[in-house]
Amino acid sequence: MNKKFVQLAVCFVLGLGIQAGAYLYMDRVLFAPLSSGDYDMSDVKDKMAEAAEKEGKKLFAKVSVKGKAYYSHDYKYMADVTADTVTIYKADDLGNPQKVDLKNQGVSFFEWMPDRNLALMALYPAHWKGGRWDVTLARYNPDGTTHESDAPIRDLPRNSKIVDVAYSTATNAVYMKMEVGKGLYRIYRTDANYDTRRIYIQTSHIGKIAVYYDKDRLFYDDSQKGILYTFNGDDSSWRVISPPGAFRLVGVDEEKTIYAVKVNTKGEVTAYYTGKLGVGFKEVKALDAPVEFSSVTMHMIKEAALQSGNK
């Protein structure tokens, strides 16, 4: 009798122990809250940004876009841009769009500023009938009644167009990539005082351009030779910043990290790199197979850097 009681008691205690262990495992391991190391905060931010973008674009779902849609940073405005028209819609007044008076000019570049409802538009004489070929970078404020224009760049080669712009909202320095021939480019700079001038650099084969957000510092690459350069707007000095080999610039972020790729003789990307001025570059990922340069983004390199531990 006593023996059976002891066995029953032992089984009861073991059962309680196993049950308690199972609850402890589920509470502290299986269903425990994730630590910061269990997920990537950049993924959370990206998902939040994607959700905000999706909701923002819904505000303009009823608009029949004729060209390409550009959304202001707060989704208050959307610009419908074609080769020779710019129509701006306000989210809470879609029935009364603003048709920007381009004065019979064409549009080669359009972008909203990242922190305010101000648009940059590059205009050129699309219906040229002789005379000077002037190009203008215009600023358009949809909350105002007129747009404010930078001083035009005059007497350019025929068919010249601004095809890319890099600017710092902190310094008001704006760099323009001007196409002056097939595959041939120049760099022009303007500032808050409308002092517009050409920046003489080492190549006509300019690839990407980028700037620091808070300093007058330009970054660009030679797309043929695979060399990265930086230009200091304060003293007009320049220097090579790329490591040995052939490299292309992808971009620069707000933390002043430079994103670049190594390319082969075909111009294909073989590895991702990050760098800092005064520090140098480091490889964050070697690709298993080459990919097209146009397919690589700063986000892809940043994710590779996070995964490799090279933030």
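Residues numbered from 1 in each chain as written. Predicted model: local features only at pLDDT ≥ 70, side-chain atom pairs only at ≥ 80, totals over all residues. Heavy atoms only, no water.

1. A short note on the pairing of strand β3 (residues 86-90)
So the rule is basically this: Remark: exposure states derive from per-residue accessible area (1.4 Å probe, protein chains only) relative to the maximum for the residue type, with buried under 20%, exposed over 50%, and partly exposed in between. The helix and strand labels rest on DSSP assignments: H or I over at least four residues marks a helix, E over at least two residues marks a strand, and numbering proceeds from the N terminus. At least two bridges found by DSSP between two strands are what make those strands a pair.
Counting buried residues along β3, four of its five residues qualify, which places the element largely inside the surrounding structure. Hairpin connection between strand β2 (residues 77-81) and β3: a loop of four residues separates the two successive antiparallel strands. Here β3 runs beside strand β4 (residues 93-99); their pairing, made up of three bridges, is antiparallel. Note on β4: the bridge partner recorded for Ile88 is Gln98. What sits between β3 and β4 in their antiparallel hairpin is a turn of two residues.

2. Section: the side chain of Lys177
Note the threshold: Positive residues here are Lys and Arg, negative ones are Asp and Glu, while His and the chain termini are left out of the count. Salt bridge, as applied in this entry: a Lys or Arg side-chain nitrogen positioned within 4 Å of an Asp or Glu carboxyl oxygen. Counted as a polar contact is a pair of N or O atoms within 3.5 Å, where, for protein atoms, one must be capable of donating a hydrogen and the other of accepting one, and residues adjacent in sequence contribute only when both atoms are in side chains. We call two residues contacting when some pair of their heavy atoms lies within 4.5 Å.
Within the secondary structure, Lys177 is located in strand β10 (residues 174-181). Within the buried core, Lys177 has no salt-bridge partner, and the shortest N-O distance to an opposite charge, that of Asp164, equals 5.5 Å. A polar contact of 3.1 Å, which involves the side chain of Lys177, links it to the backbone oxygen of Ile206. Reaching out from Lys177, the side chain makes a polar contact with the backbone oxygen of Gly207 at a distance of 2.7 Å. If near-sequence neighbours (up to four positions away) are discounted, Lys177 is found in contact with Lys161, Ile162, Val163, Asp164, Tyr185, Arg186, Ile187, Ile206, Gly207 and Ile209.

3. Focus on the packing of aromatic side chains
Here is the rule we go by: Each pair of aromatic rings taken from Phe, Tyr and Trp, with Trp reduced to its six-membered ring, is defined by centres within 6.5 Å and is described as stacked if the planes are under 30 degrees apart, edge-to-face if over 60, and tilted in the remaining cases. When the NZ atom of lysine or the CZ atom of arginine is within 6 Å of a ring's centre and also within 35 degrees of its normal, the charge is said to sit over that ring.
This model, assessed by the stated rule, comprises 12 aromatic pairs. Seen from their ring centres, Phe110 and Trp112 are 5.8 Å apart, and the 85 degrees between their planes marks the pair as edge-to-face. Given the relative accessible area of 4%, Phe110 is considered buried. By way of ring pairs, the aromatic residues Tyr70, Tyr77, Phe110 and Trp112 are connected into one cluster. When the ring centre of Tyr185 is taken as origin, the NZ or CZ atom of Lys177, which lies over that ring, is 4.4 Å away. If you follow Lys256 out to its NZ or CZ, it ends over the ring of Tyr212, 5.1 Å from the centre.

Keep in mind these values describe shape, not function.
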